[in-house]
Amino acid sequence: WWGATALSNVQPAGDFDALVRDSWQLLAHRASPIKVCCVAATQLAHCRQLLPALEESLDHLHVAAVLLDHAQDWQEDLVAGRYNAFVHFLSSEKQGAKNRAKHEQRVMEDLWFGDRAVGYFEHAHSQLNLSLSAAERVHCTPYNEFIVQYHARLDRYHRAMLQSARLILEQTTTQLFGVTY
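Residues numbered from 1 in each chain as written. Predicted model: local features only at pLDDT ≥ 70, side-chain atom pairs only at ≥ 80, totals over all residues. Heavy atoms only, no water.

1. What about helix α4 (residues 32-44)?
Our working definition: Helical segments are the DSSP runs of H or I of at least four residues, strand segments are the runs of E of at least two, and each set is numbered from the N terminus. A helix's residues, less one, multiplied by 1.5 Å, set its expected span. Any two residues having at least one pair of non-hydrogen atoms within 4.5 Å are treated as being in contact.
Compared with an ideal rise of 1.5 Å per residue, which puts 13 residues at 18 Å, α4 spans 18 Å between its outermost C-alpha atoms and is within 8% of the ideal. For α4, the secondary structure elements touched by its buried residues are α3 (25-28) and α5 (51-80). Just past α4, the residue His46 takes up positive phi, approximately 55°.

This is the structure:
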């Protein structure tokens, strides 16, 4: 957890796909305190054999949670100079203060006119699918239902994000050109 937290503001080498494929632990290990609780719970319940599946599921769930968090916080992260996976997905250039305006422009252009952000949320859904697959080996219905509901949460946020960005574009267009949609 400490190592993952210390590296959380540093942009990983390579593109976003390499991050998700090769360095996903940088995202998942921030859930280490939750895993410690799972180790204790499985030990106390004498069902330590469930730990590998639970740990695998939690890793994938946490990657999806971090991806959602980064989509929600991309503007604040850019302002604060923190690494953001959503920005990384839409712009492979190095993040930092000197590129902040360029990154903001790329993200907004995609939200207004593009559809690349769909792929970002597909990565998060893929992580949730992997989480659910591992969770099914644990046989904890409430946990499985939580993961299923997280899919819906991702979809709701993605739709709200697009609607908000497009509303800004419509309002700006109306103010500049007097055109309404």
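Next comes the rest of the write-up.
2. Digging into the packing of aromatic side chains
Rule in force here: The rule is short: rings of Phe, Tyr and Trp, with Trp giving its six-membered ring, pair when the centres are within 6.5 Å, and they are stacked under 30 degrees, edge-to-face over 60, tilted in between. Partly exposed describes any residue whose relative accessible area lies between the buried limit of under 20% and the exposed limit of over 50%, with all areas from a 1.4 Å probe on protein chains only and scaled to the type maximum. By definition here, charges over rings are those cases where NZ of Lys or CZ of Arg is within 6 Å of the ring centre and within 35 degrees of the ring normal.
Evaluation of the coordinates by the stated rule reveals eight aromatic pairs. For the pair Phe86 and Tyr120, a centre-to-centre distance of 4.9 Å together with 75° between the ring planes defines the contact as edge-to-face. Residue Phe86 is located in helix α6 (residues 85-90), and its partner Tyr120 is located in helix α8 (residues 117-135); the two are separated by 34 residues in the primary sequence. With a relative accessible area of 0%, Phe86 lands in the buried category. Members of the aromatic cluster, joined through ring pairs, are Phe16, Phe86, Phe89, Tyr120 and Phe121. The ring of Phe89 is capped by Arg116, whose NZ or CZ atom sits 5.3 Å from the centre of that ring.

3. Quick word on the packing of α4 against α5
What counts here: Where helices are involved, their axes are fitted lines through C-alpha atoms of the stretch in contact, as for all axes, and angles between N-to-C directions lie from 0 to 180°. Convention used here: angles under 35 degrees read as roughly parallel, angles over 145 as roughly antiparallel, angles from 65 to 115 as roughly perpendicular, and any remaining angle as oblique. Handedness of a helix crossing follows the sense of rotation of the near helix relative to the far helix, less than a right angle counterclockwise being left-handed and clockwise being right-handed. Lys, Arg, Asp and Glu make up the charged group, whereas Ala, Val, Leu, Ile, Met, Phe, Trp, Tyr, Cys and Pro make up the nonpolar group; the residues left over, Gly among them, are polar.
At a closest axis distance of 10 Å, the pairing of α4 and α5 adopts a crossing angle of 160°. The angle between the axes of α4 and α5 places the two elements in the roughly antiparallel class. Considering only the axes of α4 and α5, their crossing is right-handed. Counting all contacts with α4, which are made through Ile34, Lys35, Cys38, Val39 and Thr42, the residues of α5 involved are Leu51, Leu54, Glu55, Leu58 and Asp59. For the contact of α4 with α5, the per-class residue count stands at six nonpolar, one polar and three charged.

4. Remarks on unusual backbone geometry
Note on backbone geometry: most residues besides glycine have negative phi, and most peptide bonds are trans. With a phi close to 55°, His46 is a non-glycine residue in the positive phi region. Along the chain, the position of His46 falls in the loop between α4 and α5. Using a relative accessible area of 73% as the deciding quantity, one classes His46 as exposed. A positive phi angle, near 65°, is found at His139, a position not held by glycine. For His139, the position within the fold is in the loop between α8 and α9 (141-177).

Nothing here speaks to function; it is all geometry.
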